[in-house]
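Next come the chains, spelled out residue by residue.
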Amino acid sequence: MSRSLDAPLQFVKGVGPRRVVEFHAAGLFFLEDLLLRLPIRYEDRSCLLAIANLHEGEVASVSGEVLSCGVRSSSRRRFQVFEMLVGDSSGQVRAVFFNQRFLSDVFVPHQSVVLFGKVEKSRFGGGLQFQNPDYEIVTGEGSSSDQPGIHTGRIVPVYERLGTVTSKMLRRIVHAALKEVPLDLEDPIPDDVRHEYKLMDRCSALNQVHFPRSGDSIDDLNRFASLAQRRLIFEEFFFFQLGLAVQRRNMDTVLKPHKIEVNNRIRRAALSVLPFRLTKD
């Protein structure tokens, strides 16, 4: 199902009537408002490392099979740890999540998953671990085999948090919203202007600025210099200049209520208040 860009945000998948209050507080009311709120930066999560090649302190992505998982208690009252052991052909690594008991309903053994986060040394039994990593279930129970990864395995957009709506939630919402944008989306920039400046169409720009293609430069993206970003920046300045031109034209055509005329009496009055005499020049 496609929606127009002026569709209210509360009907976008993942938003709803309760969460939309936080979007409204940030000045986002329509689908277009959401899609024009661009990522603040990008992370390249496309390179998957073998578990044996992980090093403490680095930020990395790995892909493997869930070998075991479950909630374990801790010495702190009301503090629980969900722990998961993931392995590939080269080794094993732990992933720990604090106070996220619901993950026991998300992960089960034999799932294929991708993890992304900072690698650190485990406090329990040595070895390496991920702490509260981003994750994506690739195959097995709970996966979406018909949907490509949006949190891992690609260049990933990072958004500014909206109240309780995290960057990961926003990534999922924006991904769903882009599916509702019609492919024949009307482009507000005239064709001759787009062709002159070699700009991509608006629909492609909106898709690629949120979910870049695999070959896009991460450096260009983080400098806001990709083709998609340049297209949307041009669009903003184009309409800003157009608005100024319309304002100037309106000012030129509006008759002022009083016409100011300078005569000899006004000239003499002005000369009389000067503390010096003017030269002939």
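Just so you know, these numbers come straight off a predicted model, no measurement behind them.

Novice: An account of the packing of helix H5 (residues 202–210) against helix H7 (residues 227–253) is needed here, citing residue identities and associated values.
Specialist: Taken N-terminus to C-terminus, the directions of H5 and H7 make an angle of 125°; their axes are 8 Å apart at the nearest point. Considering the angle they form, H5 stands oblique to H7. Two packed elements cross with a definite hand, and for H5 against H7 that hand is left-handed. Contacts between H5 and H7 involve Arg202, Ala205, Leu206, Gln208 and Val209 on the former and, on the latter, Ala228, Gln229, Arg231, Leu232 and Glu235. Here the contact of H5 with H7 is built from residues that sort into 5 nonpolar, 2 polar and 3 charged.

Novice: So what about the pattern of salt bridges? Which residues, and what values?
Specialist: This structure, assessed with the given rule, holds 15 salt bridges. Of the charged contacts in the structure, one is a salt bridge between Glu235 and Arg202, with a shortest N-O distance of 2.8 Å. Placement of the pair is Glu235 in helix H7 and Arg202 in helix H5, with a sequence separation of 33 residues. In this structure, the salt-bridge partner of Glu235 is Arg231, at a minimum N-O distance of 2.6 Å. Remark: Arg231 and Glu235 occur in helix H7; sequence separation between them is 4 residues, near one turn of the helix. Here Glu235 and Arg231 have matching classes, each one buried. A single salt-bridge network, built from bridges that share partners, covers Glu32, Asp187, Asp191, Arg194, Arg202, Arg231 and Glu235.

Novice: With reference to specific residues and values, describe H7.
Specialist: Side chains of residues three or four places apart in an α-helix project in the same direction, reflecting 3.6 residues per turn. For H7, built from 27 residues, the straight-helix expectation of 39 Å at 1.5 Å per residue is met to within 8% by its first-to-last C-alpha distance of 39 Å. Turning to H7, its buried residues number three or more, namely Ala228, Gln229, Arg231, Leu232 and Glu235. Contacts from the buried residues of H7 go to strand E1 (41–44), helix H4 (191–196), H5 and helix H6 (218–222).

Novice: Tell me about the packing of aromatic side chains, residues and numbers included.
Specialist: For the structure shown, the criterion picks out 8 aromatic pairs. Ring centres of Phe82 and Phe107 lie 6.1 Å apart, and the angle between their planes is 25°; this geometry places the pair in the stacked category. Placement of the pair is Phe82 in strand E4 (residues 80–88) and Phe107 in the loop between strand E5 (91–98) and strand E6 (112–121), with a sequence separation of 25 residues. Each member of the pair, Phe82 together with Phe107, is buried. Taking 6.0 Å as the distance between ring centres and 90° as the angle between the ring planes, the aromatic pair formed by Phe97 and Tyr135 counts as edge-to-face. Here Tyr135 lies in strand E8 (residues 134–139) and Phe97 lies in strand E5, a separation of 38 residues in the sequence.

Parameters and conventions
- Residues numbered from 1 in each chain as written.
- Predicted model: local features only at pLDDT ≥ 70, side-chain atom pairs only at ≥ 80, totals over all residues.
- Heavy atoms only, no water.
- Axes fitted to C-alpha atoms, helices over the stretch in contact; angles between N-to-C directions.
- Helix = DSSP H or I, 4+ residues; strand = E, 2+ residues; numbered from the N terminus.
- Parallel < 35°, antiparallel > 145°, perpendicular 65-115°, else oblique.
- Left-handed = near helix turned anticlockwise from the far one by under 90°.
- Contact = heavy atoms within 4.5 Å.
- Nonpolar A, V, L, I, M, F, W, Y, C, P; charged D, E, K, R; others polar.
- Salt bridge = Lys/Arg side-chain N within 4 Å of Asp/Glu carboxyl O.
- Buried < 20%, exposed > 50% of the residue type's maximum accessible area, 1.4 Å probe, protein only.
- Expected span 1.5 Å × (residues − 1).
- Phe/Tyr/Trp six-rings, centres within 6.5 Å; stacked < 30°, edge-to-face > 60°.

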